[in-house]
Amino acid sequence: MDLESLRADLEQLRERALERIAASTQPDQIEQLTVDLLGKKGELTLVLRGIGALPAEDRPRVGAIANQVRQAIEAALDERGRELRKGAVADRLRDEALDVTTPGRPIPRGAYHPIAQTLARIADVFGQFGFVVYESPEIEDDLTNFQMLNIPRDHPARDLWDTMYVDIPEHLLRTHTSPGQIRVMHAEKPPIRALLPGRCFRYEATDAAHASEFFQVEGLMVDEGTTMADLRGLLDQFAHALFGADKRTRFRPGYYPFTEPSVAFDVECLICGGRGCPACSHTGWMAILGAGMVHPVVLQYGGIDPERYQGFAFGMGAERITNLRHGVGDLRLYLENDLRFLEQFR
Ligand code: PHE
């Protein structure tokens, strides 16, 4: 082995290496070539084994040439590697291209049912006066739905509530939320400020104004010195919050067995402003709810001393309030689950 033949081997190694690098087409081929050419057991190492057989003064020169060859190969690997990787990225960008203008899959947005919205609004207004929401069962007993509300068996006042019985004569679907008054009085001591929203049931033939299920919101306040003026003021605030601060309101005499005196609470017609129109049967007023001072007998049934405490109660139909808020004319719409209707309340 002499200097010239070793130099020739190195030159040849470089030539062939550069050709192979130029011919490579994949980034991982570059990695393989790096190992094959420059690795510990690579081709350059193999050629340089011959260096030991050279005279000592020639060794540095071969070393210098070997370095040049290594650097040339490294540079070529580096550059080709970079080229191929760039190409690979371009290929992926092409293959995995996304059309960002394609319309997305719509995610439908839900909404609360209009009745649920009204219940929440009512709870919100009375909540500001310290009223707390309670729940009461939909399946009631005759005692709580009627008798403790001063409506004895076979009393003609029962005709006000066409009742669906679960088992005669004891259990029924509550015809109003008023039995909740009794349940709250049994559970709490005065002062009481309770709001009882819930579903009620009556034996009705369905039409635009009658439904066999509907929602009511009951209110009950019991405290020392509670008066009709407190009731009036509270209901005024409520009507003004829901229908506008400029709306006139009125009490007119009503009848319920469980309140004495009893009233109907009206707000001026929201359509004609009080002049009289078909919507208010030409009275200028719209009935909002029934109310009154809790009958002493009812307080007693509730375990409360009527000599010491007074109370008022009110009950309203949530569908009626919702009709007035949104100009809806047919109760059946609330139960049909027709999206064309419900979507309007988003
Ligand atoms: N419960 C009565 C009804 O169903 C409404 C009402 C509640 C009246 C509370 C007075 C007091 O019509």
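Residues numbered from 1 in each chain as written. Predicted model: local features only at pLDDT ≥ 70, side-chain atom pairs only at ≥ 80, totals over all residues. Heavy atoms only, no water.

Chemist: What's the story with the layout of surface pockets in this structure? I'm lost.
Modeler: Where empty space is left in the structure can be found by rolling a water-sized probe over the atoms. Looking at the largest pocket, its volume works out to about 1200 Å³. Residue lining of the largest pocket: 48 residues in total, with Gln-216, Ile-288, Met-316, Gly-317 and Arg-320 positioned closest to the centre. Elements with a minimum of two residues in the lining of the largest pocket: β6 (213-223), β8 (259-268), β9 (285-294), β10 (310-317) and α10 (318-326). Of all the elements, β9 adds the most residues to the lining of the largest pocket, at 8 residues. A per-class count over the lining of the largest pocket returns 28 nonpolar, 14 polar and 6 charged. Taken as a whole, the second largest pocket spans an internal volume of roughly 190 Å³. Around the second largest pocket, the lining is made up of 14 residues, and of these His-113, Arg-199, Phe-215, Tyr-334 and Leu-335 lie nearest the centre. Breaking the lining of the second largest pocket down by element, the ones donating at least two residues are α5 (114-127) and β6. Here the residues of the lining of the second largest pocket are counted per class, giving 9 nonpolar, 2 polar and 3 charged. (1 Å grid on protein atoms, 1.4 Å probe; cavity = no way out; pocket = protein on both sides within 12 Å on 5 of 7 lines; lining within 4 Å. Points joined across faces, edges and corners; volume = space filled by probe spheres on them. Helix = DSSP H or I, 4+ residues; strand = E, 2+ residues; numbered from the N terminus. Nonpolar A, V, L, I, M, F, W, Y, C, P; charged D, E, K, R; others polar.)

Chemist: Explanation requested: the site of the ligand in the structure shown.
Modeler: Among the 15 residues in the neighbourhood of the ligand, the closest are listed as His-176, Ser-178, Arg-202, Gln-216 and Glu-218. Arg-202 is positioned such that a nitrogen or oxygen atom in its side chain is 3.1 Å from an oxygen atom of the ligand. Contact with the protein chains covers 93% of the free accessible surface of the ligand, which is 330 Å². Those elements giving two or more residues to the shell around the ligand turn out to be β6, β9 and β10. Tallying contributions element by element places β10 first for the shell around the ligand, with 3 residues. Counted by class, the shell around the ligand contains 6 nonpolar, 7 polar and 2 charged residues. (Near = heavy atom within 4 Å. Polar contact = N/O pair within 3.5 Å; in protein donor to acceptor, adjacent residues only side chain to side chain. Areas by Shrake-Rupley, 256 points an atom, 1.4 Å probe, with all protein chains shown as cover.)

Chemist: Looking at this structure, how should I read the pattern of salt bridges?
Modeler: Summed over all chains, the structure comprises 24 salt bridges. With a closest N to O distance of 3.6 Å, Asp-124 and Arg-121 form a salt bridge. Residue Asp-124 and its partner Arg-121 are both found in helix α5; the two are separated by 3 residues, about one turn of the helix. Judged by its relative accessible area of 42%, Asp-124 is partly exposed. Arg-121 sits in the partly exposed class, given a relative accessible area of 27%. Residue Arg-183 is joined to Asp-141 by a salt bridge in which the shortest nitrogen-to-oxygen separation is 3.8 Å. With a gap of 42 residues between them, Arg-183 in helix α7 (residues 179-187) and Asp-141 in strand β2 (residues 139-141) connect regions that are remote in the sequence. (Salt bridge = Lys/Arg side-chain N within 4 Å of Asp/Glu carboxyl O. Buried < 20%, exposed > 50% of the residue type's maximum accessible area, 1.4 Å probe, protein only.)

Chemist: So what exactly am I meant to see when it comes to the domain arrangement of the protein chain here?
Modeler: For an interface, size is often stated in terms of accessible area lost upon the parts coming together. Here the domain parsing of the protein chain yields domain 1 (3-95) and domain 2 (114-345). For domain 1 and domain 2, the distance between their C-alpha centroids amounts to 93 Å. (Domains from an automatic or database assignment.)

Chemist: What's the story with the sheet that holds strand β3 (residues 165-167) in this structure? I'm lost.
Modeler: Two pairing modes exist for strands in a sheet, parallel and antiparallel, and in both the strands are linked by backbone hydrogen bonds. Strand order in the open sheet formed by 3 strands is β2-β4-β3, and the pairing between neighbours is antiparallel. The sheet is open, and its two edges are formed by β2 and β3, each paired on a single side. The mean inter-strand angle of the sheet, taken between neighbouring strand axes irrespective of direction, is 35°. Sheet topology note: the β2/strand β4 (residues 171-173) ladder contains 3 bridges and is antiparallel. When the sheet's bridge partners are listed, Glu-140 is paired in β4 with Leu-172. (Pairing = 2+ DSSP bridges. Axes fitted to C-alpha atoms, helices over the stretch in contact; angles between N-to-C directions.)

Chemist: Explain the nonpolar core to me, please; I cannot follow it from the model alone.
Modeler: Considering soluble globular proteins, one finds that nonpolar side chains tend to be buried as a cluster. Counting residues in each nonpolar core, the largest one holds 42 residues, and the members touching the most others are Phe-126, Ile-288, Phe-314 and Met-316. Residue assignment for this core shows that the elements contributing at least two residues are α5, β6, α8 (228-243), β8, β9, β10, α10 and α11 (339-342). The leading source of residues in this core is α8, at 7 residues. Setting aside residues up to four positions removed in sequence, Ile-288 forms contacts with Phe-238, Phe-243, Phe-265, Asp-266, Val-267, Met-316, Ile-321 and Leu-324. (Core = buried A, V, L, I, M, F, W, Y, C linked by side-chain atoms within 4.5 Å. Contact = heavy atoms within 4.5 Å.)

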